[in-house]
Amino acid sequence: MTEETYDLSILGGGPGGYVAAIRAAQLGMKVALVEREYLGGVCLNWGCIPTKALLRNAEVARLLGNGKEFGFSVEGVTLDYGAAADRSKKVAARLIKGIQTLLEKNGVEILWGSGRLTAPTTLDVALNEGGTRTLTAKATLLATGGRPCVPPGMTPDGDHVLTARHAIERRTLPTSAIIIGGGPIGLEIGTIWASYGAEVQVVEMQPQILPAEDEEAATELERALRRQKIRVHTATRVTQITKSESGVRVAVISDKGEQVLEAEVALVAVGFCAAPQGLGLEELGVRQEKGGWVAVDGYLRTSLPGLYAIGDCNGTLPLAHVASAQGIAVVETIAGIERPPFDCTFIPHGTYTTPQVASFGLTEAKARAQGLTVRVGKFPFLPNGKALGLGENQGFVKIVAEEESHKLLGAVIVGPEATELLPELVLAHEAGLSPEAVAQTVHAHPTLNEAIMEAAHGVFGKAIHMI
């Protein structure tokens, strides 16, 4: 066993860990990064990136099927789902290689193995190639991610009962699928499969899909999914999954009674749970929240000095860009750069269905529940020239502002490229700009973001292109 000393040791090479490593190296720190499997974590290998590549393929497939609207017809087209899956893996592989190059160019030492804390700033690493190394550092950063939540009785087998990782890794399209969970992961994979011709049903226990989103946005998306022949069962709970000769039977119950849904596969996509097992946290007395999340304060510090936790493992908000932002925040704090406490309230998030859904901050309902008096501006994509030209005019922009101060409280966009449009409003909030400033900014014509300008005008009842 060899022992080495670093300024920072990081456990986990996902979007939190590798970004933190690069930022630390830029600040002159000696950094060691421990990764058990693949750089990039779930997001890059089995989540964000491969799904977006597959969603692009799905978009092309839908376009070919809607050729009549655009004045063309295509005959004899063969949709090769296996080729689409291979393409998604190539996209991910290219980024993984780029991350390793970035780490190496910045002088970050990568250790391939499994780490375990023996002290707040000491890691024992069992190397994949054999042997053990001990890392002692001035600070240690946990970036170990999460794991898919699996309710009792829904144990995945990788064949007919799947997790998102199983779904992304398979090269064959299921003929039919039941998606358990109406959140972003389930809806995105369901969109992909349905676009290739699979029969898809979504079962969501809450009264709406995307339970954390604005109710109007969720309703708008549900309408769109139904038009894509995706059946949606909300306020419906799964009671049992059993195998059948052709796949699976999923027993569900709702206020309409009990029924059994059948399909080739069931995808369990009910969210992420904590995954800190085997890290030595219990032995060291690291405080954990209910569910196993590593407890942190606003500066991502754990209950032990010198030990920090970012990303999914701390349970604040399980998104890749949150992990990356927290990684930078921690490293800069360690380096003595003054930063405010990390706040997830106004973090943007998106769902890459068709149409997309993107939002940040408070929904109208949450703002009112907090006792705030709000003004709301809403503008549909229906009269937007660019959206009409694209043939994607479903959805709307909705802006929520405080009545007296005109402060931006939040926004949601349902529509084409919603995730690309939202940052204008996020930046406006961060800069302390009001909807008036957004409305008075001249937006190029014709563009999708004119709908943002119109919604900002709409906060004050002055939208131009709406009766």
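Residues numbered from 1 in each chain as written. Predicted model: local features only at pLDDT ≥ 70, side-chain atom pairs only at ≥ 80, totals over all residues. Heavy atoms only, no water.

K.L.:
What exactly am I supposed to notice about empty space enclosed by the protein here?
P.N.:
Empty space among the atoms becomes visible once a probe the size of a water molecule is rolled across them. What the rule picks out here adds up to two cavities of 30 Å³ or more. Considered as a void within the structure, the largest cavity measures approximately 60 Å³ in volume. Along its surface, the largest cavity is lined by Pro148, Ala164, Ile185, Val268, Ala269, Val270, Gly271 and Phe272. Across the lining of the largest cavity, the residue classes tally to seven nonpolar, one polar and no charged. The volume enclosed by the second largest cavity comes to roughly 40 Å³. Across the lining of the second largest cavity, the residue classes tally to seven nonpolar, two polar and one charged. (1 Å grid on protein atoms, 1.4 Å probe; cavity = no way out; pocket = protein on both sides within 12 Å on 5 of 7 lines; lining within 4 Å. Points joined across faces, edges and corners; volume = space filled by probe spheres on them. Nonpolar A, V, L, I, M, F, W, Y, C, P; charged D, E, K, R; others polar.)

K.L.:
What is the right way to look at the sheet that holds strand β10 (residues 231-233) in this model?
P.N.:
Paired through backbone hydrogen bonds, the strands of a sheet run either parallel or antiparallel to each other. Taken together, five strands build an open sheet; the order of strands is β7-β14-β8-β9-β10 and the sheet is parallel. Across the chains shown, the open sheet's two edge strands, defined by having one partner strand only, are β7 (161-162) and β10. With five bridges joining them, strand β8 (residues 176-180) and strand β9 (residues 199-203) adopt parallel strand pairing. Residue pairing across strands places Ala177 opposite Val200, the latter belonging to β9. (Pairing = 2+ DSSP bridges. Helix = DSSP H or I, 4+ residues; strand = E, 2+ residues; numbered from the N terminus.)

K.L.:
Which parts of the structure should I look at to understand the state of the cysteines?
P.N.:
Think of a disulfide as a covalent bridge from one cysteine sulfur atom to another cysteine sulfur atom. Summed over all chains, the structure comprises two disulfides. Across the disulfide, Cys43 is cross-linked to Cys48 (sulfur-sulfur distance 2.3 Å). Judged by the torsion about the S-S bond (-130°), the Cys43/Cys48 disulfide is left-handed. Assessed through its relative accessible area of 30%, Cys48 is described here as partly exposed. One disulfide bridge connects Cys149 with Cys273, the sulfur atoms lying 1.9 Å from each other. Between Cys149 and Cys273 the sulfur-sulfur dihedral comes to about 115°; the bridge is accordingly right-handed. Here the residue Cys149 occupies a position in the loop between β6 (146-148) and β7, and Cys273 occupies one in strand β15 (residues 272-274), the gap between them amounting to 124 residues. For Cys273, a relative accessible area of 21% corresponds to the partly exposed category. With no disulfide of its own, Cys313 has Cys344 as its nearest cysteine by sulfur position, at a separation of 13 Å. (Disulfide = S-S within 2.5 Å. Buried < 20%, exposed > 50% of the residue type's maximum accessible area, 1.4 Å probe, protein only.)

K.L.:
Before we go on, may I ask you to explain the environment of Val238 in this structure?
P.N.:
As for its position among the elements, Val238 is in strand β11 (residues 237-243). Each C-alpha atom, one on Val238 and one on Ala251, is 5.9 Å from the other, the two residues being 13 residues apart in sequence. Leave out the neighbours within four places in its chain, and Val238 touches Met154, Ile180, Val203, Val250, Ala251 and Val252. (Contact = heavy atoms within 4.5 Å.)

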